[in-house]
Structure formats: structure tokens, C-alpha cells
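Secondary and tertiary structure notes
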Amino acid sequence: MAILWRRSSRTIANHIRKCMVSQSCWSSTFQSSSLSSLSRRPVPDQNCRYLHSLPWNSATLFSVQRFKSTVAEKQLDSFFSGDSDDDQSLAFPGGKVTNTSKMNFISESSQMRVPCYRVLDNDGELIMDSDFQQVSKEVAVKMYSNMVTLQMMDNIFYEAQRQGRISFYLTSAGEEAINIASAAALSEQDIILPQYREPGVLLWRGFTLQEFADQCFGNKADYGKGRQMPIHYGSKKHNFITISSPIATQLPQAAGIAYSLKMDNKKACVVSYIGDGGTSEGDFHAGLNFAAVTEAPVIFFCRNNGWAISTNVSEQFRSDGIVVKGRAYGIRSIRVDGNDALAVYSAVAAAHEMAINEQRPILVEALTYRVGHHSTSDDSTKYRELEEIDHWKMARNPVNRFRNWVQNNGWWSEQQETELRNSIRKQLLQAIQVAEKTQKPPLTELFSDVYHHPPSNLLEQEKHLRETISRHPKDYPSDISV
């Protein structure tokens, strides 16, 4: 098959070269930049008749012609074109490069760290002359209510795991502002590729507490049919791609999905979340470079919370965090205070507008802190001081900080606070009770949805499992239909 494909590829290439020579064949074909129209356009020249029988699609045609320059590329061309008029400059692909007789190495770092954009101080007071996106009362109250809901959901589900009612859990404690504020700045059409600490994005989009509970308990109502670990949420309805445990694999996928939105002229972008630990993966660099070269409308949102499980950021990289990595790939970047909901909202709203209107990738680094353990399988007190955790939990709490701002505007009261927390707690406990009582998916779901016609080895495995259950019925849950 591989030999056949190589021969076919050479045949295609030869015919393309022949047709490139014939202006009548290609000039009319490539007048349109729409790949969908290219795939339908007839090939008029006799020399190109063979191409009708080849497996043409958008991907094949893309290899022949790329999209025209967007705002991002034109700005880059303009920037480099004015570098030098020196006749001795190097006309290198990508732009002229000036020469120098001085041997200078680029410094490994700048003298000053990239500043962190913030709007609210630690007490939730608006900083004078702040540049930020105005937020209405309705949006602000919804943002705060969702932050409280996420906080309470984490606490109660964490306790449920400790009671043995679910097998695993992972909280977003300390990162509530990142979750909710970033989600609030996006549109419903934007596609989300999360890591695993962004349930608040799904909460903002309308995923119910019952749906969260059903996934964590892996019952019949779970959209993943009980096949995923708890907290691996996904929702086609909400454009939220199902969470996957491997780190950073979603970044190249995000670049590809964003490019498809660009091809279809969609007024939407992709947002892919990643932790600081994920930036040490090769997929981080591949994803950013892919997005930059294709000028894909994607926002890479990095939650730099200081710890990749037990690995401190100082042991991961020598650069000034994540934000400086964007420039190496030609990506516009910003560093924002991840515990300042108003700053996160404003930064993501601006990034969203640039990504769509200018057709370019944006990198956002949010400085925050993971207050909780990495997961229920971790004890973070083994590798960091309790005083450090308590400082971020109390003095830098993003929920309290945003509440102060909302309350100072006269949009929130103690009575509303009490009513909200009582209501959310009641809803969560009821959701857990319902999820526990809901029947588990039948055994057949273990073997479905992969092949239209199951292969013999899969049928053999199912047969073997059923025989094992019949021999040892007490070792398997009685509430699962076989």
C-alpha cells in the first residue's frame, strides 16, 4: 500500500507540474480562494483531464495553493520590509536580514520580566487608569455566581471522592477566575479544547450540575457512557471537546480545527487551555508553530499555576514564564493576573477580537496558583509549604476579590450570598443522589462505538469477559446489565 501511494503521489506531482505550465488550465481554477469552490471547478485543459480521476479534496488542493495573506501576514511583511535598504543585506526567504561586523549574541533573557496585566488590586478595588473591558451588572453577577458554584462543586465532589462514592476528582481551587472570566469573554460558537482544570468553562455555557454528577459517577446518563475517568467532561452541544488525559495533545488539534474555521470563513475561533507543565511537551511547540504559520484563529490559554503536579516552574524552564515563548513563533502574547477576573475577561475579549478579525493566533499566560492538590491522588504538602498555600488561598483568593468589586458596585449583598450558597449546595447534593441511583451503562457499551462491524478479536474479548463474570459474579457490580 505504501509503495502504491508513493507511486500515485509521484504521478499526481508530475501531472500537476504539467498543468502548472499550461496557464489555461490553472489560471481560471485558482481565481477563487475558496477551497470548496476549487474542488468543484472543472479542469478545462486536455493535459489536466487525468486529474478528474484523482482523489481530490480540500487537503490535496491546499498543498497546491495556500490562502492569501491575512492582516497578520501583511503586518509582518510590512515590519520586515523596512529593515534595511542596504545592497549588502541578505535577501533571505522571509525578508531581508541586515549584516553587522559586530559579533553579538542575543541575550538569553531581557533585563526586566514581562509585566502582568491587572485591573483589580488584591482587595478588589479598581486600579486607577486601568484599561479594561466594561462589564454589565448582569454579566458580572453571573460571573460571580458561577465562580461560587464552581468552588462549591469542587468542595462537595472532592468530599464525595473521599467518601468512596466516586473514584477520582480534580479541583479548580484558586483558578475560578480563569475558568469563568475567560468563558464569559467568548461566544457560544467558539470551540473549546480543554486540558482538565476548566470545568467552569462548561458550567458557564450551560452544562448542568446534574450532567457534571452523571459524568463523575459514570452512569447511563453520562455522555461518555462511563468509559472515561471522572472529570473528563465533553459536550457537543456546547462546543466543548471531551477532555483527554495525555498532556498537550489538544494544542496541534486546536491549530488544525482553527484553520478549518478559517477555511470555512467562520466568525469564530478555537480556545485551547494548557497548564504550565504542558508547555514542556513537544506538542506545545508544534501547536504554536502550526498555528502561526497557517495564521489560524486560535487562543492558546496557559494557566501558569506554579506547579506541574510536584514540579515547580523553576525546574521546567529558564525563560520568563510562558508569555515570551509566543514571540519566538511570531505569536502576539500577553501576561495577565489569573486571579483578577476583570483582567482575564478583558484580555480574552481583546484576544478573541484579534484572533477572529485579524485571523491570527494569540497566546495568553495567566499567572495564578493551584490552591488544591493536583488531584485526589496527590498530597501537595509533601512538596510545598502550607504557609504558601494558605497565603494564596486567603490573600489572593480570586472569588473573594471579584466579590468585593461586584459588591462595591452595589450589585451584590450578604442576603444574596447566603441564598446562592444554600441553593447551590441543595442542587449539588440532589444531583449526587440522582447520579448514584441512576443505572450504570450495560456491559455492551464497553465494546460498541469503535467498529461498525466488531472484529473477531473484540468479539473474543467480550465472550471471555462474560464467561469470567458468570464464573465470579460476586467480583463484579450487580447493578451493571450484562
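Residues numbered from 1 in each chain as written. Predicted model: local features only at pLDDT ≥ 70, side-chain atom pairs only at ≥ 80, totals over all residues. Heavy atoms only, no water.

**A short note on the overall build of the protein**
Scanning the protein from N- to C-terminus turns up 17 helices and nine strands. In the protein, which comprises 482 residues, the proportion classed as buried is 46%. Within the protein, residue pairs in contact and separated by at least 24 positions form 71% of the contacts whose partners lie at least 6 positions apart. (Helix = DSSP H or I, 4+ residues; strand = E, 2+ residues; numbered from the N terminus. Buried < 20%, exposed > 50% of the residue type's maximum accessible area, 1.4 Å probe, protein only. Contact = heavy atoms within 4.5 Å.)

**With respect to the side chain of serine 375**
If you trace the backbone, serine 375 turns up in the loop between β9 (362–367) and α14 (386–394). A distance of 3.1 Å separates a polar atom in the side chain of serine 375 from the backbone nitrogen of serine 377. When near neighbours in sequence (up to four residues on either side) are disregarded, serine 375 contacts Phe168, Tyr169 and Leu170. (Polar contact = N/O pair within 3.5 Å; in protein donor to acceptor, adjacent residues only side chain to side chain.)

**Some details on the packing of aromatic side chains**
Per the counting criterion, the structure on display carries eleven aromatic pairs. Seen from their ring centres, phenylalanine 212 and tyrosine 233 are 4.8 Å apart, and the 90° between their planes marks the pair as edge-to-face. One end of the pair, phenylalanine 212, is in helix α9 (residues 209–217); the other, tyrosine 233, is in the loop between α9 and α10 (250–263), with 21 residues separating them in the sequence. Tyrosine 233 shares its class with phenylalanine 212; the two are buried. Where tyrosine 369 meets tryptophan 392, the ring centres are 5.0 Å apart and the plane angle is 10°; that geometry is what we call stacked. (Phe/Tyr/Trp six-rings, centres within 6.5 Å; stacked < 30°, edge-to-face > 60°.)

**Topic: the nonpolar core**
Membership of the largest hydrophobic core comes to 77 residues, with the highest contact counts inside it found for Met143, Phe157, Tyr169, Phe212, Tyr233 and Phe402. Broken down by element, this core gets its largest block of residues, 13 residues, from helix α6 (residues 137–162). If near-sequence neighbours (up to four positions away) are discounted, phenylalanine 212 is found in contact with Met153, Phe157, Pro199, Leu202, Leu203, Phe207 and Tyr233. Formed by 24 residues, the second largest nonpolar core is a distinct cluster that contains Leu193, Ala248, Leu261 and Leu363. (Core = buried A, V, L, I, M, F, W, Y, C linked by side-chain atoms within 4.5 Å.)

**Considering the sheet that holds strand β5 (residues 298–304)**
Pairing in this open sheet of five strands is parallel, and the strands run β3-β4-β5-β9-β8 from one edge to the other. In this open sheet, the two edge strands, each paired with only one partner strand, are β3 (191–193) and β8 (332–337). Strand-to-strand twist of the sheet, defined as the mean angle between neighbouring strand axes without regard to direction, takes the value 20°. Looking at chain direction, β3 and strand β4 (residues 270–275) are connected through three bridges and run parallel. Of the residues in β4, the one forming a bridge with leucine 193 is serine 272. Against the sheet, α10 engages β3, β4 and β5, with an angle of about 170° to β4. (Pairing = 2+ DSSP bridges. Axes fitted to C-alpha atoms, helices over the stretch in contact; angles between N-to-C directions.)

**Remarks on the pairing of β4**
Along β4, six of the six residues are buried, which leaves the element largely enclosed by surrounding structure. With helix α11 (residues 282–294) bridging β4 and its parallel neighbour β5, the resulting β-α-β unit is right-handed. (Right-handed = clockwise from strand over helix to strand, strands pointing away.)

**With respect to the pairing of β5**
Taken across its seven residues, β5 has seven buried, putting it largely inside the fold. The alternating pattern of β5 places Val298, Phe300, Cys302 and Asn304 and Ile299, Phe301 and Arg303 on opposite faces, both of which are buried. Strand direction decides the pairing type here: β4 and β5, joined by six bridges, are parallel. For tyrosine 273, the partnering residue across the bridge sits in β5 and is phenylalanine 301. The sheet contact formed by β5 and β9 spans six bridges and is parallel. Bridge pairing in β9 places cysteine 302 opposite glutamate 365.

**Here we look at the pattern of salt bridges**
A side chain of one charge can pair with a side chain of the opposite charge when the charged atoms of the two come close. A complete count under the given rule lists 22 salt bridges for this structure. With a closest N to O distance of 3.4 Å, arginine 332 and glutamate 358 form a salt bridge. Pair noted here: arginine 332 is in strand β8 and glutamate 358 is in the loop between α13 (341–357) and β9, with a separation of 26 residues, a long-range link. For aspartate 340, the salt bridge is made with arginine 401, and the minimal N-O distance between the two is 4.0 Å. Linking aspartate 340 in the loop between β8 and α13 with arginine 401 in helix α15 (residues 398–408), this pair joins segments that are 61 residues apart in sequence. By relative accessible area, which is 3% here, arginine 401 ends up buried. Salt bridges linked by common partners bring Arg118, Asp337, Asp340, Arg396 and Arg401 together as one network. (Salt bridge = Lys/Arg side-chain N within 4 Å of Asp/Glu carboxyl O.)

**Topic: the environment of alanine 183**
Along the chain, the position of alanine 183 falls in helix α7 (residues 176–184). Given a relative accessible area of 2%, alanine 183 falls into the buried group. Linking alanine 183 and methionine 143, residues 40 residues apart in sequence, is a C-alpha distance of 9.3 Å. Beyond its immediate stretch of four places on either side in the chain, alanine 183 contacts Val201, Trp204 and Tyr273.

**A short note on the packing of α9 against helix α16 (residues 414–437)**
The interhelical angle for the contact between α9 and α16, taken along N-to-C directions, is 40°, at an axis separation of 9 Å. Taken together, the axes of α9 and α16 are oblique relative to one another. As for the relative orientation of α9 and α16, their crossing is right-handed in sense. Note on element contacts: α16 touches α9 through Ile424, Gln427, Leu428, Gln430, Ala431, Ile432, Val434, Ala435 and Glu436, opposite Leu209, Gln210, Ala213, Asp214 and Phe217. A breakdown of the residues in the contact of α9 with α16 according to their chemical character gives nine nonpolar, three polar and two charged. (Parallel < 35°, antiparallel > 145°, perpendicular 65-115°, else oblique. Left-handed = near helix turned anticlockwise from the far one by under 90°. Nonpolar A, V, L, I, M, F, W, Y, C, P; charged D, E, K, R; others polar.)

**Section: the side chain of glutamate 211**
Positionally, glutamate 211 belongs in helix α9. Discounting chain neighbours no more than four positions away, the residues touching glutamate 211 are Gly206 and Tyr223.

**What to know about the environment of glutamate 175**
Looking at where glutamate 175 falls in the secondary structure, it is placed in the loop between α6 and α7. Beyond its immediate chain neighbours, meaning those up to four positions away, glutamate 175 contacts Arg197, Arg303, Asn305, Thr368, Tyr369 and Arg370. Here the side chain of glutamate 175 touches asparagine 305 through a polar contact of 2.9 Å, side chain to side chain.

Remember, this is a structural readout, not a statement about activity or role.
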